[in-house]
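Each chain is listed here by its residues.
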Amino acid sequence: MAKLINLKINGKPVSVPEGTMVVDAAKKAGIDIPVFCYHPKMEPVAMCRQCLVEIGRPVIDRATGQPVLEENGQPKLQFGPKLETSCSTPVSEGMVVITDSEKARAGQREILELLLTSHPLDCPVCDKGGECPLQNLTMKFGPKESRFLYDEKHHAEKHFPLGDLIFLDRERCIQCARCVRFQSDIAGEPVLGFSQRGRHTEIVTYSDPGFDSVFSGNTTDICPVGALTTADFRFGARPWELKSSASICSQCPVGCNVTFNVRREVKAGGGYVIKRAMPRQNEQVNEIWMCDKGRFAGYQYTEADSRLKLDSPELDQALSQAAVKLAESASQAVFLAGGRLSNEDFYTLKQFATRLGAKAYLYTRHGGGEYTTRYGLAPGSNLGNLGKGDTVLVVASDLYHEAPLWYLRLKAAAKRGATLIVANARATKLDEFATFVIRYSYGDEVETVKSLSSKEKVGEAIKNTHHLVIFYGADGLGLTGTTALAQACADLFTSLPVSQTAPKANNGLIGVWSTPNQQGALEMGFAPCADLAAELKDKTVYILAADPAGDDPTLAEALKGAKAVIAQDILETETTRLANIVLPAAAYTEREGTFTSGERRVQRFYPAVPARPGTKADFALIAELAKRCGIDLEGRSALLVMNQIVANEPAFSGITYAKLAEVTEQWPIIGRSDLFYGGTGYENKQGLGVTLSLTPGVSPQGRDKQATLLSPSPAAKEMRGEGLRPKEDELLAVPITKLYDNGTTVAPAKLLAAHIARFDGVFVNPATAKKYGLENGSQARVSLNGVTYSASVLLDESISTGVVLIPRSFGIPLAEPAFVLLTALEPAQEA
Amino acid sequence: MLTEKYPSEIQAIFAKYPVKRSAVMPLLYLAQREEGYITKENMQEIANLLDLDVTEVAGIVGFYTMFHDEKAGKYRMQVCTDLPCALRGADAFLEALCDNLGIRVGETTPDGLITLEEVKCLGGCHRAPLFQIQEGDMVAFHENMTVEKTMELVEALRKSVNSSPRAATA
């Protein structure tokens, strides 16, 4: 604990840890000092000079080292001749700060007057108007009138697209460099910079494509003026028309807390429309950030044209038909659910399956859940607390693409001194910040993890760590591979001294799933099916929030061989198209529920807009179906289902909706009244969530039993000892995940079309491409598992020459690594 | 490619700096040597050499007035017209120079020889009117100038270009 320093701000005694800046000390005491360039998440730069205050320090007698006293016994104070920037001045013992004297106020007022000389004052048409720090601070601290000539105002380019997602208005920019510093210091992607100087200073990007970062949206939140705006929200609505609704991002397992802003619109026939997604502060999950996928694809799919709907009698009929089929089949029914469902949906589905005698599977190719439920993160965990003496291992995962916020959090942990070990078969963006980078050949994942302890430095870092967190992904792996990898990672925990492996905060195994709630399903005992195609044959299949037919033609064939297919989803998919009965579900933005993040944090999402007519929440549809099969299940509200989960699922014991909605004070202070300080993002008033306990009453064996309650989990086959070595002319095709893909919930994001297209193809090393007469962008035939696909060739220097990376969800199904033949579609042109 | 064109120079520059990114300025001068400006490709190459982002390199080019990212005449004639220089007649000098060269500030002579620029303080107020001539990565001061002397210099530059391309500012 840092030493506490005592000082007085505007006469108010304040005690803050040593090293705190005056501006933060004041904020903690409830005193607002105006700031523009300063941001509590970033190092101070004192560029804008807005935070000027008077600072006095006790005069110290050099001979005695004691403060010199006035006649009245008070310490004698020495005030500086000039005002000081409170953002870059650390507190010191006995300091006296005055923020509201006439001298200080004059300084603040004059800086504002100066800033406004080159600001267009186009507030009436500015998107930031109404939630603008410059506007608010001008009202509070600024001059009533300017002494400068209006006609001499600095004019510059407006509507300049930095990229296709972010627009810059150069004349609104006050050169605070918050965006520049966010990109270089926090995101680690320094694609924004200043060019020129003085009054000509302007924000530039030279990246190709422009503003090439997956965190770009955050710069619009922390921009203290309307200079940076998002392409989707600009000229879309005024902030004061918007209602805010708390939610959780559904694009990856991080579970970023978000706020959806909604308003009623004529365009929507008077209905509610989501206008934008913004981060909601949760310092234990996403801090005050979110990635562009969450921002620009997080809710858009719930408003897609391809939404399924039925009118009331049709829905009734569909439910009755489905119930008849399921009741007939009973134990011959197979339930298949995707990780997009909420905890409440999974629980209801599990009850239905158990009572009906049906089998229920989690639809995923990412195995190892039986280990993440046993060795997962314990309550009290916060990746933000990892630092010196802690070790984080990331294996077979490209976190930048799979879970961008985890990438941010680990990058920051490494900066704080944590040992970051990144093991992957190819270069990933996290390598740059890693302490150790380990390269292996695809197929050697398990061997690599097993050999880590025996490596000299890496082994030491793992053995001697205070906390060990392991992230494992599915880069180049299928179900078998991920399961084996999870086991190897779990073995790392068991091989360590008990002091390190007993459940404790900031320790544990995290699966980098592709869906928001796979962990929740796993905690309730759901497991994937090893041979799905065989399992579906002649069965009545009830598919929820999954598109097996779209993912893999062999599964589409298998579904055609099923007795009946009932598909429940929010969007039309290949699977709903071939289903006999389709049940339209409400989107998660239209209902209540909870997701369990990869960090095992259960978090609530709330309805942002009313459910579309003719749709119902998944758990309600399941309960309806059950009812028609003579099984009475809770389907009235998500809260009532959660009460049952808590009573019946050991992992969820002690959780209530009320507890999930609890908030504690968070630092920095951001949000509506404080947006000048922390940005436009939302403070959290609706709950920080609760991490599941690692049920102490249940032994690992007991949990095994729990895990096999519904279906046997696929046997973790021993991986081959050596890497998968392709024969001559053959290449090894491995599945990987890119941030932007053609997944059901991403493809409808129109704004991201160009970003998605960048990954639509197969990645090979330039040398490999040359060998096969291919070049960047040329079309190739990809022959895989007996099927030939055509795809664009994309070059990636960082991968080995023997592999072809197949991004998931781009139309080439690849459940497990396989050997592949690559040929040019057209004769290559001579370069 | 700079690495192909100036391998030994680059090696010599790298040897001077314990931290790689510090070499950005000399590398930019090197990139500017031939054409008098820095192409985006060169910025990208320097960024790759130094593990920087191209935007960071471009920011440096933008900040410093003697780096250029646009093609101009072979010689950039940069006249200071700040207050002390103006008091010594620099503004009138510049005006007369424009007339004699037949171009305005910011323009290039039709033969591509001279680009005339107006700049901030060159630190030679007491010897105004003065200008500096920038050619590639080199620069020369010309102080206590008159239009006549300047036109003679321009003539000399024109001749030297025809005989030896890099003699004028050496």
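Residues numbered from 1 in each chain as written. Chains lettered and ligands numbered in written order. Predicted model: local features only at pLDDT ≥ 70, side-chain atom pairs only at ≥ 80, totals over all residues. Heavy atoms only, no water.

### Overview of the overall build of chain B
Looking only at helices and strands, chain B features 8 helices and 4 strands. Across chain B, helices and strands are ordered from the amino to the carboxyl terminus as α-α-α-α-α-β-α-α-β-β-β-α. Buried positions account for 44% of the 170 residues belonging to chain B. Intrachain contacts of chain B at a sequence separation of at least 6 include 61% that bridge at least 24 residues. (Helix = DSSP H or I, 4+ residues; strand = E, 2+ residues; numbered from the N terminus. Buried < 20%, exposed > 50% of the residue type's maximum accessible area, 1.4 Å probe, protein only. Contact = heavy atoms within 4.5 Å.)

### Remarks on the side chain of aspartate 221 of chain A
All names here are of chain A. Looking at where aspartate 221 falls in the secondary structure, it is placed in helix α5 (residues 217-222). Here aspartate 221 falls in the buried class, since its relative accessible area comes to 4%. For aspartate 221, the side chain forms a polar contact with the side chain of arginine 295, separated by 2.7 Å. Ignoring anything within four residues of it in the chain, the contact list for aspartate 221 reads Lys128, Met278, Pro279, Arg295, Gly679, Thr680 and Gly681. (Polar contact = N/O pair within 3.5 Å; in protein donor to acceptor, adjacent residues only side chain to side chain.)

### Brief notes about the domain arrangement of chain B
Residues and elements named next belong to chain B. Looking at the assigned domains, one finds that chain B contains domain 1 (2-63) and domain 2 (75-163). Of the residues lining the interface, 5 residues belong to domain 1; the matching set on domain 2 comes to 4 residues. Between domain 1 and domain 2 the total buried area reaches about 380 Å² when both faces are included, carbon and sulfur atoms providing 41% of it. At the surface where domain 1 touches domain 2, the tally comes to 1 salt bridge. For the salt bridge of aspartate 137 with arginine 33, the shortest nitrogen-to-oxygen distance reads 3.0 Å. Joining domain 1 to domain 2, the criterion identifies 2 residue pairs in polar contact (both at pLDDT 80 or more). The residue makeup of the side of domain 1 that touches domain 2, split by class, is 2 nonpolar, 2 polar and 1 charged. (Domains from an automatic or database assignment. Buried area = accessible area lost by both parts, 1.4 Å probe. Salt bridge = Lys/Arg side-chain N within 4 Å of Asp/Glu carboxyl O. Nonpolar A, V, L, I, M, F, W, Y, C, P; charged D, E, K, R; others polar.)

### Looking at the packing of helix α3 (residues 24-33) of chain B against helix α4 (residues 40-50) of chain B
Residue and element names in this part refer to chain B. One way to put it is that α3 packs onto α4 with a least axis distance of 11 Å and a crossing angle of 150 degrees. It follows that α3 is roughly antiparallel to α4 by the angle criterion. Classified by chirality, the crossing of α4 by α3 is right-handed. Within the contact between the two elements, α3 uses Val24, Leu27, Leu28 and Ala31 and α4 uses Asn42, Ile46, Leu49 and Leu50. When grouped by side-chain class, the residues that make up the contact of α3 with α4 number 7 nonpolar, 1 polar and no charged. (Axes fitted to C-alpha atoms, helices over the stretch in contact; angles between N-to-C directions. Parallel < 35°, antiparallel > 145°, perpendicular 65-115°, else oblique. Left-handed = near helix turned anticlockwise from the far one by under 90°.)

### Here's the deal with the pairing of strand β15 (residues 333-338) of chain A
Residues and elements named next belong to chain A. Of all 6 residues that make up β15, 6 are buried, and the element is covered over most of its length. Burial along β15 is two-sided: Ala333, Phe335 and Ala337 facing one way and Val334, Leu336 and Gly338 facing the other are all buried. Looking at chain direction, β15 and strand β16 (residues 359-363) are connected through 5 bridges and run parallel. Its bridge partner being in β16, glycine 338 is matched across the sheet by tyrosine 363. Tracing the backbone out of β15, into helix α8 (residues 343-356) and back to the parallel element β16 gives a crossover that is right-handed. (Pairing = 2+ DSSP bridges. Right-handed = clockwise from strand over helix to strand, strands pointing away.)

### Quick word on the interface of chain B and chain A
In this complex, chain B contributes 13 residues to the contact, which on the side of chain A involves 12 residues. Three residues, Thr55, Gly62 and Phe63 of chain B, lead the burial of chain B against chain A; their summed loss comes to 44% of the area buried on that side. Connecting chain B to chain A are 0 salt bridges. When contributions to the side of chain B that touches chain A are tallied by element, the ones reaching two or more residues are α4 and α5 (54-63) of chain B. Among the elements that take part in the side of chain B that touches chain A, α5 of chain B stands out by supplying 7 residues, more than any other. Here the residues of the side of chain B that touches chain A sort into 5 nonpolar, 4 polar and 4 charged.

### Regarding the domain arrangement of chain A
Residues and elements named next belong to chain A. You can read the domains of chain A as domain 1 (4-100), domain 2 (151-287), domain 3 (312-364 + 520-691), domain 4 (369-512) and domain 5 (725-824). Put simply, the middle of domain 2 and the middle of domain 4, counted by C-alpha atoms, are 32 Å apart. If you look at the interface, domain 2 gives 17 residues, while domain 4 gives 17 residues. At the junction of domain 2 and domain 4, the tally comes to 2 salt bridges. Salt-bridge contacts for glutamate 189 lead to lysine 429; the nearest nitrogen and oxygen are separated by 4.0 Å. At the boundary of domain 2 with domain 4, the tally comes to 8 residue pairs in polar contact (both at pLDDT 80 or more). Tallied by class, the residues present in the side of domain 2 that touches domain 4 amount to 9 nonpolar, 4 polar and 4 charged.

### Some thoughts on the state of the cysteines
Scanning the entire structure with this criterion turns up 0 disulfides over all chains. Sulfur of cysteine 87 of chain A: no disulfide; nearest cysteine sulfur belongs to cysteine 51 of chain A and is 3.8 Å away. (Disulfide = S-S within 2.5 Å.)

### A word on the nonpolar core
Among the nonpolar cores identified, the biggest contains 215 residues, and Phe335, Phe352, Phe471 and Tyr542 of chain A are the most heavily contacted of them. If one sorts the elements of this core by residue count, helix α14 (residues 479-495) of chain A sits on top with 8 residues. In contact with tyrosine 542 of chain A, not counting residues within four places along its chain, are Leu326, Val334, Phe335, Leu336, Leu349, Phe352, Ile566, Gln568, Leu583, Ile622 and Leu625 of chain A. In this structure, Val24, Leu52, Ala58 and Phe67 of chain B belong to the second largest nonpolar core, which totals 23 residues. (Core = buried A, V, L, I, M, F, W, Y, C linked by side-chain atoms within 4.5 Å.)

### Brief notes about the sheet that holds strand β25 (residues 593-596) of chain A
Residue and element names in this part refer to chain A. Spatially, β25-β26-β27 is the arrangement adopted by the 3 strands of the open sheet, whose pairing is antiparallel. Either end of the sheet is taken by a strand with one partner, and the two such strands are β25 and β27 (690-691). Across 4 bridges, the pairing between β25 and strand β26 (residues 601-605) is antiparallel. Bridge assignment links threonine 594 to a residue of β26, and that residue is arginine 604. Along the sheet face, α8 touches β25 and β26 and points at about 90 degrees away from the line of β25.

### Quick notes on the pattern of salt bridges
All names here are of chain A. Under the counting rule described, the total for this entry stands at 54 salt bridges over all chains. For aspartate 32, the salt bridge identified is with lysine 140, shortest N-O distance 3.6 Å. Of this pair, aspartate 32 sits in the loop between α1 (22-28) and β3 (52-58) while lysine 140 sits in helix α3 (residues 133-141), and the two are 108 residues apart along the sequence. Between glutamate 535 and lysine 539 there is a salt bridge; the shortest N-O distance is 3.7 Å.

### Here's the deal with the confidence of the model for chain B
Looking at chain B as a whole, the pLDDT averages 93, with 96% of positions reaching at least 70. For this predicted complex, the interface confidence comes out at an ipTM of 0.87, alongside a pTM of 0.93. (pLDDT = per-residue confidence, 0-100.)

### Regarding the sheet that holds strand β2 (residues 114-119) of chain B
Residue and element names in this part refer to chain B. Taken in spatial order, the 4 strands line up as β2-β1-β3-β4 in an open sheet, and their pairing is mixed. Each end of this open sheet is capped by a strand with a single partner; those strands are β2 and β4 (138-142). The mean inter-strand angle of the sheet, taken between neighbouring strand axes irrespective of direction, is 25 degrees. Alignment of strand β3 (residues 131-135) against β4, held across 5 bridges, turns out to be antiparallel. Bridging across to β4, glutamine 132 finds its partner in phenylalanine 141. The sheet contacts of helix α8 (residues 147-163) involve β1 (75-80), β2, β3 and β4, and relative to β1 the element is tilted by about 165 degrees.

### Focus on the packing of aromatic side chains
All names here are of chain A. Scanning the model with the defined rule gives 23 aromatic pairs over all chains in all. Relative to phenylalanine 493, the ring of tyrosine 375 lies with its centre 6.2 Å away and its plane at 15 degrees, an arrangement referred to as stacked. Taken as a pair, tyrosine 375 in helix α9 (residues 369-375) and phenylalanine 493 in helix α14 lie far apart in primary sequence, 118 residues in all. By the ring-pair criterion, three or more aromatic residues cluster together here, those being Phe260, Tyr299, Tyr588, Phe595 and Phe605. Against the face of tyrosine 677 rests lysine 27, its NZ or CZ located 5.1 Å from the ring centre. In this structure, arginine 170 is placed above the aromatic ring of phenylalanine 160, and the distance from its NZ or CZ to the ring centre is 4.4 Å. (Phe/Tyr/Trp six-rings, centres within 6.5 Å; stacked < 30°, edge-to-face > 60°. Lys NZ or Arg CZ within 6 Å of the ring centre and 35° of its normal.)

### A closer look at the packing of α3 of chain B against α5 of chain B
Residues and elements named next belong to chain B. Closest axis-to-axis distance for the α3/α5 pair is 11 Å, and the angle between their directions is 75 degrees. On the basis of the axis angle, α3 is roughly perpendicular to α5. Between α3 and α5, the contacting residues are Val24, Met25 and Leu28 on the first element and Val57, Ile60 and Val61 on the second. Tallied by class, residues from the contact of α3 with α5 come to 6 nonpolar, no polar and no charged.

### Things to note about a negative patch on the surface
All names here are of chain B. Together, Asp91, Glu95, Asp99 and Glu118 make up a region of like negative charge exposed at the surface. The biggest single contributor to the negative patch is helix α7 (residues 90-101), with 3 residues. Structurally, glutamate 118 can be placed in strand β2. (Patch = residues over 30% accessible without salt bridge, like charges linked within 9 Å, V, L, I, M, F, W, Y side chains within 5 Å. Areas by Shrake-Rupley, 256 points an atom, 1.4 Å probe, with all protein chains shown as cover. Lys, Arg positive; Asp, Glu negative; His and termini not counted. Charge placed at Lys NZ, Arg CZ, Asp CG, Glu CD.)

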